[in-house]
Amino acid sequence: MPVHLLSEPIAAASLTSGRLWSLAAALAGVIGVIAGGLALARIRSGTTRRGAFVALTAGLIGMAGGGYVVAAAEGGPGTGYGIVGGFVALVIGLLAATLGWLALSRARRAA
């Protein structure tokens, strides 16, 4: 009994539009994590608000991009829709937004 797949796997070396969007969203999340970490490290110097806003904004952008990729994907892992990268972007974006929110709340208390 032959089994027919709805979608064929795409080579891992090919960069599809879904993979590109999930990569861009994950990159925004990584930038947010770095900015949030630096903002938390500089709590006492007084220059944390800008880094906290950058981390919060980049985290929200990463979560929105990852959510879009996951919602628009028509197949599972290995089909070229970037669903794995979308989930990674969601997690990294959530981490960046959390770091930004934490740095912003600590900066308000320190001021």
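Description of the structure in this document. (Residues numbered from 1 in each chain as written. Predicted model: local features only at pLDDT ≥ 70, side-chain atom pairs only at ≥ 80, totals over all residues. Heavy atoms only, no water.)

1. With respect to the environment of A97
Worth spelling out the cut-off: Numbering of helices and strands starts at the N terminus; helices are DSSP runs of H or I of at least 4 residues and strands are runs of E of at least 2. Two residues form a contact once any of their heavy atoms are found within 4.5 Å.
Residue placement: A97 occurs in helix 3 (residues 83–110). The spacing of A97 and G59 is 38 residues in sequence and 4.4 Å in space, taken between C-alpha atoms. Apart from residues no more than four positions distant in its own chain, A97 is found in contact with A55, L56 and G59.

2. What to know about helix 1 (residues 17–41)
What counts, and what does not: Here a helix's expected span is defined as the number of its residues, less one, multiplied by 1.5 Å. In this scheme, a residue with accessible area under 20% of its type's maximum is buried, one over 50% is exposed, and one in between is partly exposed, where area comes from a 1.4 Å probe on protein chains only.
Here helix 1 is 25 residues long and its end C-alpha atoms lie 36 Å apart, about the 36 Å a rise of 1.5 Å per residue gives. Taken together, the buried positions of helix 1 are G18, R19, S22, A25, A26, A28, G29, G32, A35, G36 and A39.

3. Some words on the packing of helix 1 against helix 2 (residues 48–72)
We count it as follows: An axis is simply a line fitted to the C-alpha atoms; with a helix, the fit covers only the stretch in contact. Between two such axes, the angle follows the N-to-C directions and lies from 0 to 180 degrees. When an angle is under 35 degrees it counts as roughly parallel; over 145 it counts as roughly antiparallel; between 65 and 115 it counts as roughly perpendicular; any other value is oblique. For any pair of crossing helices, the crossing counts as left-handed if the nearer helix is rotated counterclockwise from the farther one by less than a right angle, and right-handed if it is rotated clockwise. The classification used treats Ala, Val, Leu, Ile, Met, Phe, Trp, Tyr, Cys and Pro as nonpolar, Asp, Glu, Lys and Arg as charged, and all other residues, Gly among them, as polar.
Put simply, helix 1 and helix 2 touch, their axes get as near as 7 Å, and they point 160° apart. In terms of orientation, helix 1 and helix 2 fall into the roughly antiparallel class. Crossing hand, helix 1 versus helix 2: left-handed. Where helix 1 approaches helix 2, its residues G18, W21, S22, A25, A28, G29, G32, A35, G36 and A39 are matched on the opposing element by T48, G51, A52, V54, A55, A58, I61, G62, G65, G66 and V69. Grouping the constituent residues of the contact of helix 1 with helix 2 by class yields 11 nonpolar, 10 polar and no charged.

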